[in-house]
Amino acid sequence: MCPSHRLPEPCPNDDSPGAKAFWVFAHAAWEQSEAREILLRWQDERGIDVMFVLFACWYPCRLSADEWDTLRSGARDWNRRITRRVRALRRRIDRLDWPQGYQACLRLELGAERIEAAWLVKAGTVHTPTDRPKHDLRRRLHRLFPELPASEIDTLLQALTGKP
């Protein structure tokens, strides 16, 4: 995600209620400066897909390791082929002092992230329950991202949930 902008509010004609709910969650998470700082560092220094991290924090169901791997693979493919390329172009344009080009690329980057978010929700809907069961986010993130420092995962979760 881009560090210097605010996410747009969800538009009313998004695909599904789940996609809207996830985008609202992603928007709220991005507004938390501590969470945004950690997510940007993971994105830029470790190549972590922010949308996938946020989805893992938001998704209400338990999934098997294979199911998470399938979601990660699809998200990683989209992020690698589309989002990262647009982000790289936006960053190059930013150095050219071309505000209109920067804004156009920014909108395209956010659109690519929005598509990934909607895909993640759609791909995960097989397991969507009527009630959100409690799950251990800390354990989920440690399993999905073993390369990330435990203290940073804890800080992210605290920023997102407001709980220590």
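My aim in this report is to walk through the structure given alongside it, one point at a time.

The rules behind these values
- Residues numbered from 1 in each chain as written.
- Predicted model: local features only at pLDDT ≥ 70, side-chain atom pairs only at ≥ 80, totals over all residues.
- Heavy atoms only, no water.
- Salt bridge = Lys/Arg side-chain N within 4 Å of Asp/Glu carboxyl O.
- Helix = DSSP H or I, 4+ residues; strand = E, 2+ residues; numbered from the N terminus.
- Buried < 20%, exposed > 50% of the residue type's maximum accessible area, 1.4 Å probe, protein only.
- Axes fitted to C-alpha atoms, helices over the stretch in contact; angles between N-to-C directions.
- Left-handed = near helix turned anticlockwise from the far one by under 90°.
- Contact = heavy atoms within 4.5 Å.
- Nonpolar A, V, L, I, M, F, W, Y, C, P; charged D, E, K, R; others polar.
- Phe/Tyr/Trp six-rings, centres within 6.5 Å; stacked < 30°, edge-to-face > 60°.
- Lys NZ or Arg CZ within 6 Å of the ring centre and 35° of its normal.

The next thing to look at is the pattern of salt bridges. Per the counting criterion, the structure on display carries 9 salt bridges. Arginine 41 is the salt-bridge partner of glutamate 152, the closest N and O atoms lying 3.6 Å from each other. In this pair, glutamate 152 is assigned in helix 7 (residues 150–161) and arginine 41 in helix 2 (residues 33–46), connecting sequence segments 111 residues apart. Residue classification places glutamate 152 among the buried positions, given a relative accessible area of 19%. Overall, the relative accessible area of 25% leaves arginine 41 in the partly exposed class. Notably, a salt bridge pairs aspartate 154 with arginine 138, separated by 2.5 Å at the nearest N-O pair. Highlighted residues: aspartate 154 in helix 7 and arginine 138 in helix 6 (residues 137–144), separated in sequence by 16 residues. In this structure aspartate 154 comes out as partly exposed when scored by relative accessible area, which is 27%.

On to the packing of helix 3 (residues 50–58) against helix 6. Remark: helix 3 packs on helix 6, axes separated minimally by 9 Å, with the N-to-C direction vectors making an angle of 145°. Every pair of crossing elements has a handedness; the one defined by helix 3 and helix 6 is right-handed. For the pair formed by helix 3 and helix 6, the contact residues are Phe52, Val53, Ala56 and Cys57 on the first element and Leu137, Arg140, Leu141 and Leu144 on the second. By residue class, the composition of the contact of helix 3 with helix 6 is 7 nonpolar, no polar and 1 charged.

The subject of this paragraph is the packing of aromatic side chains. Tallied over the entire structure, the rule returns 9 aromatic pairs. Consider the rings of phenylalanine 22 and phenylalanine 55, whose centres lie 5.5 Å apart with planes at 85°: the pair is edge-to-face. Of this pair, phenylalanine 22 sits in helix 1 (residues 17–31) while phenylalanine 55 sits in helix 3; the two residues are 33 residues apart in sequence, bridging distant segments of the chain. Like phenylalanine 55, phenylalanine 22 is buried. Geometrically, the ring pair formed by phenylalanine 22 and tryptophan 58 is tilted, given 5.2 Å between the ring centres and 40° between the ring planes. Taken together, the residues phenylalanine 22 in helix 1 and tryptophan 58 in helix 3 connect sequence positions 36 residues apart. The buried category is assigned to phenylalanine 22, whose relative accessible area is 0%. For tryptophan 58, a relative accessible area of 11% corresponds to the buried category. In textbook terms, an aromatic cluster arises when at least three aromatic residues are bridged by ring pairs, as seen for Phe22, Phe52, Phe55, Trp58, Tyr59, Trp68 and Phe145. A cation sits over an aromatic face here: arginine 72 above phenylalanine 145, 4.9 Å from the ring centre.

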